[in-house]
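Examination of the molecular architecture
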Amino acid sequence: MTVAVTTIGLDSVIEPDLRNGNGENPVWDADHRTWTWIDIPGRRIHRLDPSSGVRRDWTLPELVGSLVLRPDAGPDGGVVVACQTGLFDAELPKAGGEAVLTRLADSPFPKEGMRFNDGRCDRQGRLWVSGMVMDITQGDTSGAWYRFTRAEGLVETGLAGFIIPNGSAFSPDGRTLYASDTHRDVRMVWAWDYDPDAGAAGDRRPFVDMRAMTGRPDGAAVDTDGCYWICCLDEGCIKRFTPRGELDRRIEVPMRKPTMCAFGGEDLRTLLVTSLSRGPADLADDPHGGRVLMFDPGAQGLPEPRLTR
């Protein structure tokens, strides 16, 4: 299959002075017409109104791994955040400042030194969220995926044995779950059959083997054609794979470590991409690390489900 290659320039960078330590989990809120994303080590939530260019920020008392939207978010749009010690409802004061947290569930981790990581809701409104050992040099496979609803609380799913669980996404019909392991010794994306009635995943199978590629699979999105878009750490690109796992598009971006992409905008034809930068050592050979991009990828995404269960 011929791979179409597109190069994105610096004109797509929003707010050049904005740097994230590890920007992640962008999500488009169609009700409020805003983008929201997190900075994991910065313990911060960012929200951008693209029509005005105004950005507001909120701080959190602990590391944050992911967030999802709520249906009862009020006039300014609250969220649910997965942090180090648990899941929380987060109210976001209009003027910015400190997020106001209400605990929903304690962390279920089997050992110390873990936190929540990647997460998103299935098309029925259940939250799927992963946990991982923070010191990735250990190569510890205690990482796993959990499911949360307000009725059931936080439960194990049987998806375990991950070092850096990442890349969660659901097919347009909600019957396939995708997830990856970002660790350099794994670098795999898998697919599971998903039962939308039971909220259960089974029959794991390889979807994309990235071990022969330069990049490592991080955050992901799915478009209306059912194609899987994955940010490739250390390779400076986003790759699109068809539902059969065939690479058909590659988008080169200015930063070496893009972390996650999401579709949004009025017609869901805008892609917002976050990235990471761990400090001066990274910036020496990745001067645009930590920046955020927004551009037209030539494809249309799907509405992001909210936590409704």
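This report concerns the structure included in the present document. Just so it is clear, the model here is predicted, and its values are computed rather than measured.

Pairing within the open sheet is antiparallel, and its 4 strands lie in the order β7-β8-β9-β11. Where the open sheet ends on each side, the last strands, each with one partner, are β7 (64–69) and β11 (100–106). Shown here is a sheet whose adjacent strand axes are inclined to one another by a mean of 25°, direction ignored. In this sheet, β11 lies alongside strand β9 (residues 86–91) in antiparallel orientation, the contact comprising 6 bridges. For L87, the partnering residue across the bridge sits in β11 and is A105.

Counting through the fold element by element, T176 comes out in strand β17 (residues 176–181). Assessed through its relative accessible area of 16%, T176 is described here as buried. Residues in contact with T176, not counting those within four places in the same chain, are A169, F170, S171, A191, W192, Y194 and R205.

Here we take up the state of the cysteines. Think of a disulfide as a covalent bridge from one cysteine sulfur atom to another cysteine sulfur atom. Enumeration according to the criterion identifies 0 disulfides in this entry. C83 supplies the cysteine sulfur nearest to C121, a cysteine that is in no disulfide, at a spacing of 15 Å. Here C232 is not cross-linked by a disulfide; its sulfur's nearest cysteine counterpart is in C237, at 4.1 Å. Since its relative accessible area comes to 0%, C232 is described here as buried.

Looking now at unusual backbone geometry. In this structure, N25 takes a positive phi of about 60° despite not being glycine. Here N25 shows up in strand β3 (residues 23–29). We classify N25 as buried; its relative accessible area is 5%. Residue L268 is not a glycine yet carries a positive backbone phi of 60°. Mapped onto the fold, L268 is located in the loop between β24 (258–264) and β25 (270–275). With a relative accessible area of 14%, L268 lands in the buried category.

Next up on the list: the packing of aromatic side chains. Aromatic ring pairs are defined here through the distance separating the ring centres and the angle between the ring planes. All told, the structure shown has 10 aromatic pairs when counted by the stated rule. Ring plane angle 85° and centroid distance 5.7 Å describe the contact between F162 and W190, whose orientation is recorded as edge-to-face. Of this pair, F162 sits in strand β15 (residues 153–162) while W190 sits in strand β18 (residues 188–195), and the two are 28 residues apart along the sequence. By way of ring pairs, the aromatic residues F109, F116 and Y146 are connected into one cluster.

A separate point is empty space enclosed by the protein. The tally for this structure, following the rule as stated, stands at 3 cavities of 30 Å³ or more. For the largest cavity, the calculated volume is near 50 Å³. As for the largest cavity, its lining consists of N25, P26, V27, L67, V68, L69, G119, R120, M260, E304 and P305. Where the lining of the largest cavity is concerned, the elements lending two or more residues are β3, β7 and β12 (114–121).

Turning our eyes to something else, we now look at the layout of surface pockets. Its boundaries defined by the atoms lining it, the largest pocket holds a volume of some 550 Å³. As for the largest pocket, its lining consists of 23 residues, of which N22, R115, I136, I164 and L276 are closest to the centre. Residue assignment for the lining of the largest pocket shows that the elements contributing at least two residues are β12 and β20 (216–222). For the lining of the largest pocket, the class distribution of residues is 9 nonpolar, 7 polar and 7 charged.

With that settled, the discussion passes to the pairing of β7. The buried count for β7 comes to 6 of 6 residues, which makes it a mostly enclosed element. Taken together, the 5 bridges between β7 and strand β8 (residues 79–83) define a ladder with antiparallel strand orientation. Its bridge partner lying in β8, V64 is registered against C83.

Further remarks concern the sheet that holds β20. Strand order across the open sheet formed by 5 strands is β1-β23-β22-β21-β20, with mixed pairing between neighbours. Each edge of the sheet is formed by a strand with only one pairing partner; in this case those strands are β1 (4–7) and β20. Geometrically, the sheet is characterised by an average inter-axis angle of 20° between neighbouring strands, direction not taken into account.

Inspection of the entire model under this criterion finds 25 salt bridges. When the shortest N-O distance is used, the salt bridge between D209 and R211 registers 2.7 Å. Its relative accessible area of 49% is what places R211 among the partly exposed residues. One salt bridge connects D248 with R240, and the closest N-O pair in it is separated by 2.6 Å. Since its relative accessible area comes to 13%, D248 is described here as buried.

Rules of the game
Residues numbered from 1 in each chain as written. Predicted model: local features only at pLDDT ≥ 70, side-chain atom pairs only at ≥ 80, totals over all residues. Heavy atoms only, no water. Pairing = 2+ DSSP bridges. Helix = DSSP H or I, 4+ residues; strand = E, 2+ residues; numbered from the N terminus. Axes fitted to C-alpha atoms, helices over the stretch in contact; angles between N-to-C directions. Buried < 20%, exposed > 50% of the residue type's maximum accessible area, 1.4 Å probe, protein only. Contact = heavy atoms within 4.5 Å. Disulfide = S-S within 2.5 Å. Phe/Tyr/Trp six-rings, centres within 6.5 Å; stacked < 30°, edge-to-face > 60°. 1 Å grid on protein atoms, 1.4 Å probe; cavity = no way out; pocket = protein on both sides within 12 Å on 5 of 7 lines; lining within 4 Å. Points joined across faces, edges and corners; volume = space filled by probe spheres on them. Nonpolar A, V, L, I, M, F, W, Y, C, P; charged D, E, K, R; others polar. Salt bridge = Lys/Arg side-chain N within 4 Å of Asp/Glu carboxyl O.

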